[in-house]
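# Structural features, examined
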Amino acid sequence: MPVLTDPLNIGPIAIRNRLVFPPIATSKATPSGDPTDFHERHYGRIAAAGVGLVIAEHCFVSPEGRHDEAQIAIDDDARVPALARVAEAIRSGGAASAVQLAHAGPRA
């Protein structure tokens, strides 16, 4: 029977253990929706603490579905460099990364 400290493969993604940090909104993105240095440090520290997978907070996929003004955007290829820095901070901490895609629906 597997235990929390056992590694896990999900398709081609190797996860060092079964501990997952869930998506928790920080509301620290720039007004345009880019992640900041805060996100690199925050998620990098969580990864370095030993979890196997870090799921970054809800990211809006369309400006029309934005939940709040400090939410991370994942709606345009121009955002890739900033998002890649966050992913690299997580990878450097030894964890795999994912994001929670979000649309605020009728609230937006």
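Shown above is the structure to which this text applies.
What comes next concerns the included structure.

Moving on, we get to the overall build of the chain. Check the secondary structure of the chain and you find two helices and six strands. Since a compact globule built from 108 residues should have a radius of gyration of about 13 Å, the 14 Å found for the chain is in line with a globular shape. By principal-axis analysis of the C-alpha atoms, the chain measures approximately 45 × 30 × 20 Å. Buried positions account for 36% of the 108 residues belonging to the chain. Considering only contacts in the chain between residues 6 or more positions apart, those separated by 24 or more positions represent 65%. Within the structure as shown, the chain displays about 6300 Å² of accessible surface, and the carbon and sulfur contribution to it stands at 60%. Averaging the coordinates of the 10 positive side-chain charges in the chain and doing the same for the 12 negative ones gives two points 7 Å apart.

A few words on the pattern of salt bridges. Using the criterion set out here, one finds four salt bridges in the structure. Between R79 and D75 there is a salt bridge, and its shortest N-O distance comes to 2.6 Å. Owing to a relative accessible area of 26%, D75 belongs among the partly exposed residues under this scheme. Between E88 and R91 there is a salt bridge, with its nearest N and O atoms 2.9 Å apart. On the criterion of helical spacing, the pair formed by E88 and R91 is a turn pair, its members being three residues apart in helix α2 (residues 80-92). By relative accessible area, E88 is classed as partly exposed at 38%. The network of salt bridges with common partners includes D34, D75 and R79.

Relative to the assigned elements, D68 resides in the loop between β4 (53-60) and β5 (72-73). Among the residues examined, D68 registers a relative accessible area of 21% and is labelled partly exposed. The spatial distance from the C-alpha of D68 to the C-alpha of G44 is 24 Å, given a sequence separation of 24 residues. With residues up to four places along the chain from it excluded, the contact list for D68 reads S27 and H58.

A word on the packing of aromatic side chains. For the coordinates displayed, the defined rule picks out zero aromatic pairs. Taking NZ or CZ as reference, K28 lies 5.4 Å from the ring centre of F38, over its face.

To continue, consider the packing of helix α1 (residues 37-48) against α2. At their nearest, the axes of α1 and α2 sit 7 Å apart, and the two run at 25° to each other. By the angle between their directions, the pair α1 and α2 is classed as roughly parallel. The two elements α1 and α2 cross, and the hand of that crossing is right-handed. Along its contact with α1, which presents H39, E40, Y43, G44 and A47, the element α2 presents R85, V86, A89 and I90.

Conventions and cut-offs
Residues numbered from 1 in each chain as written. Predicted model: local features only at pLDDT ≥ 70, side-chain atom pairs only at ≥ 80, totals over all residues. Heavy atoms only, no water. Helix = DSSP H or I, 4+ residues; strand = E, 2+ residues; numbered from the N terminus. Rg over C-alpha atoms; globule rule 2.2 N^0.38 Å. Buried < 20%, exposed > 50% of the residue type's maximum accessible area, 1.4 Å probe, protein only. Contact = heavy atoms within 4.5 Å. Areas by Shrake-Rupley, 256 points an atom, 1.4 Å probe, with all protein chains shown as cover. Lys, Arg positive; Asp, Glu negative; His and termini not counted. Charge placed at Lys NZ, Arg CZ, Asp CG, Glu CD. Salt bridge = Lys/Arg side-chain N within 4 Å of Asp/Glu carboxyl O. Phe/Tyr/Trp six-rings, centres within 6.5 Å; stacked < 30°, edge-to-face > 60°. Lys NZ or Arg CZ within 6 Å of the ring centre and 35° of its normal. Axes fitted to C-alpha atoms, helices over the stretch in contact; angles between N-to-C directions. Parallel < 35°, antiparallel > 145°, perpendicular 65-115°, else oblique. Left-handed = near helix turned anticlockwise from the far one by under 90°.

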